[in-house]
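# Coordinates in review
Single-letter residue listing:
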Amino acid sequence: MNVTEIMQTSLQTVRPGATVAEAITTLVDAHVMGLPVLDRDGRLIGVLSTSDVLQAIAESAGQDEREAVFDTMVEELMTREPKTIGPNATVKDAAQQMLYLEVHRLFVVDHSKLVGVVSQSDVVRTVAMHGADTMSTASP
């Protein structure tokens, strides 16, 4: 089974110049833990996750610095060079990469275009619904 069969394709994104407060609103509204950051040309340049935001708040010294995090631009907190996978990769490939890279999601990129995201939850859901044998078999 390929990642294209289990990936999420209805993606919320954020621009690097958006504020963290705007990104948090999008994260909450979309019920996701990370947002792909796209440049003006629609290329994937980073990811802003809830972990990035929480880490910035935790590292802030004092109330004023913590509050300032929300006015910070996304590009200052985002993780650059997000981990990606191709659309023809198997679910097993995705699971192995997530474990090896210690990430919760992989962005699916086809010819430099973001086409979806596959998360650990998507992999677990697939195994629960279809069994572990579907992870390594490629679709015809």
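Presented here is an overview of the structure given in this document. Being a predicted model, the structure only gives us computed values, none of them experimental. Just so you know, the residues in each chain are numbered from 1, in the order the chain's sequence is written. In keeping with the predicted nature of the model, local features appear solely for residues at pLDDT of at least 70, side-chain atom pairs appear and are counted solely at 80 or more, and the whole-chain, interface and lining totals rest on all residues. Excluded from the side-chain calculations are hydrogens and water; all other atoms, namely the structure's heavy atoms, are used.

## A closer look at the sheet that holds strand β2 (residues 44-49)
What the 3 strands build is an open sheet, ordered β1-β2-β3; its pairing is antiparallel. The sheet terminates laterally at β1 (34-38) and β3 (79-80), the two strands that pair on one side only. Both β1 and β2 contribute to a ladder of 5 bridges, which runs antiparallel. Bridged to Leu 38 within β2 is Leu 44. A pair of strands is labelled paired if DSSP reports no fewer than 2 bridges between them. Helix numbers and strand numbers start at the N terminus; a helix is a DSSP run of H or I with at least 4 residues, a strand a run of E with at least 2.

## Thoughts on the sheet that holds strand β6 (residues 113-119)
Overall, mixed pairing links the 3 strands, which are arranged β4-β5-β6 in an open sheet. Edge positions in the open sheet fall to β4 (84-85) and β6, since each of these has one partner strand only. Strand direction decides the pairing type here: strand β5 (residues 105-110) and β6, joined by 6 bridges, are antiparallel. Residue pairing in the sheet places Val 109 in a bridge with Leu 114 of β6. Where helix α5 (residues 91-101) meets the sheet, its contacts fall on β4, β5 and β6, and the angle it forms with β5 comes to roughly 125 degrees. Should any heavy atoms of two residues lie within 4.5 Å, those residues are considered in contact. Here the axes come from fitting lines to C-alpha atoms, over the contacting stretch only for helices, and the angles between their N-to-C directions go from 0 to 180 degrees.

## Remarks on the nonpolar core
Here, the term nonpolar core denotes a set of buried Ala, Val, Leu, Ile, Met, Phe, Trp, Tyr and Cys residues that are joined through side-chain atoms within 4.5 Å. Only protein chains enter the calculation, and the probe is 1.4 Å; a residue is then buried if its accessible area is under 20% of its type maximum, exposed if over 50%, and partly exposed in between. In terms of nonpolar packing, the biggest core is built from 15 residues, with Ile 85, Ala 94, Met 98, Leu 106, Val 118 and Val 123 touching the most fellow members. Those elements giving two or more residues to this core turn out to be α5 and β5. Among the elements that line this core, the one with the most residues is α5, at 4 residues. Residues Leu 27, Leu 35, Val 74 and Met 78 belong to the second largest nonpolar core, which totals 13 residues.

## Some points on the environment of Ala 68
Note on placement: Ala 68 falls in helix α3 (residues 63-68). Separated by 12 residues in the primary sequence, Ala 68 and Ala 56 have C-alpha atoms spaced 10.0 Å apart.

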